[in-house]
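Geometric and topological summary
Residues per chain are reported as follows:
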Amino acid sequence: MDRGVIILGLCFILVGLPVIFGAAQKIYKRQLRFKEKQLSWMAQDAETKAAAYAAQIQQLEQRVRILEKIATDRGTQLSAEIESLRDAPPR
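Now for a quick tour of the structure.

1. Some words on the packing of aromatic side chains
Overall, the coordinates contain one aromatic pair when judged by the stated rule. Measuring from ring centre to ring centre gives 6.4 Å for Phe34 and Trp41, while their planes differ by 80°; the resulting arrangement is edge-to-face. We classify Trp41 as partly exposed; its relative accessible area is 49%.

Structural data, given as structure tokens:
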């Protein structure tokens, strides 16, 4: 009986453990590939948001330049420029 248990144990070690570790390795690799895809999607999303923010910053900088020009221009056309900006559609 002891001999049968030893043989069964050896079979488990020689066959069972490699099968279990092989399956665990495949599961780990699959999870790793999914995480890589997830990070890629997050990077693309961040890139899109960064481009949108850059465009918005450019628009705001342009508006600030116009306002600075109006604030520093003390000429007679100040009120006319203000009125033209009020009537103009936002960019």
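2. Description of a positive patch on the surface
On the surface, a cluster of positive charge is contributed by Lys29, Arg30, Arg33 and Lys37. With respect to the helices and strands, Arg30 occurs in helix α1 (residues 2–72).

3. Re the pattern of salt bridges
In total, this model carries two salt bridges according to the counting rule given. Here Lys49 makes a salt bridge to Asp45, at a shortest N to O gap of 3.7 Å. With Lys49 and Asp45 both in helix α1, this residue pair falls four residues apart, about one helical turn. A relative accessible area of 44% places Lys49 in the partly exposed class. Where Glu61 meets Arg65, a salt bridge forms, and the shortest distance between an N and an O atom there is 4.0 Å. Placement of both Glu61 and Arg65 in helix α1 is noted, with a separation of four residues, approximately one turn of the helix. Since its relative accessible area comes to 41%, Glu61 is described here as partly exposed. Residue class for Arg65 comes out exposed when judged on its relative accessible area of 51%.

What counts and how
- Per chain, residue numbering runs from 1 following the sequence as it is written.
- For a predicted model such as this one, the threshold for reporting local features is a pLDDT of at least 70, and the threshold for listing and counting side-chain atom pairs is 80 or more; totals across whole chains, interfaces and linings nevertheless cover every residue.
- The side-chain quantities take in all heavy atoms of the structure and omit both hydrogens and water.
- For this analysis, a ring pair means two rings from Phe, Tyr or Trp (six-membered ring only for Trp) whose centres lie within 6.5 Å, classed as stacked if their planes differ by under 30 degrees, edge-to-face if by over 60, and tilted for the remaining angles.
- Three exposure classes are used, based on accessible area relative to the maximum for each residue type with a 1.4 Å probe and protein chains only: buried under 20%, partly exposed in between, and exposed over 50%.
- A residue counts toward a patch only above 30% relative accessible area and without a salt bridge, and it is joined to like-charged neighbours within 9 Å or, for Val, Leu, Ile, Met, Phe, Trp and Tyr, to nonpolar neighbours within 5 Å.
- All accessible areas in this document rest on Shrake-Rupley with a 1.4 Å probe, and a residue is counted as covered only by the protein chains that are shown.
- Only one rule defines a salt bridge in this text: a Lys or Arg side-chain nitrogen within 4 Å of an Asp or Glu carboxyl oxygen.
- For the purpose of charge, His is not counted, nor are the chain termini; Lys and Arg are scored as positive and Asp and Glu as negative.
- In this description, the location of a charge corresponds to atom NZ of lysine, CZ of arginine, CG of aspartate or CD of glutamate.
- Every helix listed is a DSSP run of H or I at least four residues long, and every strand listed is a run of E at least two residues long, numbered separately from the N terminus.

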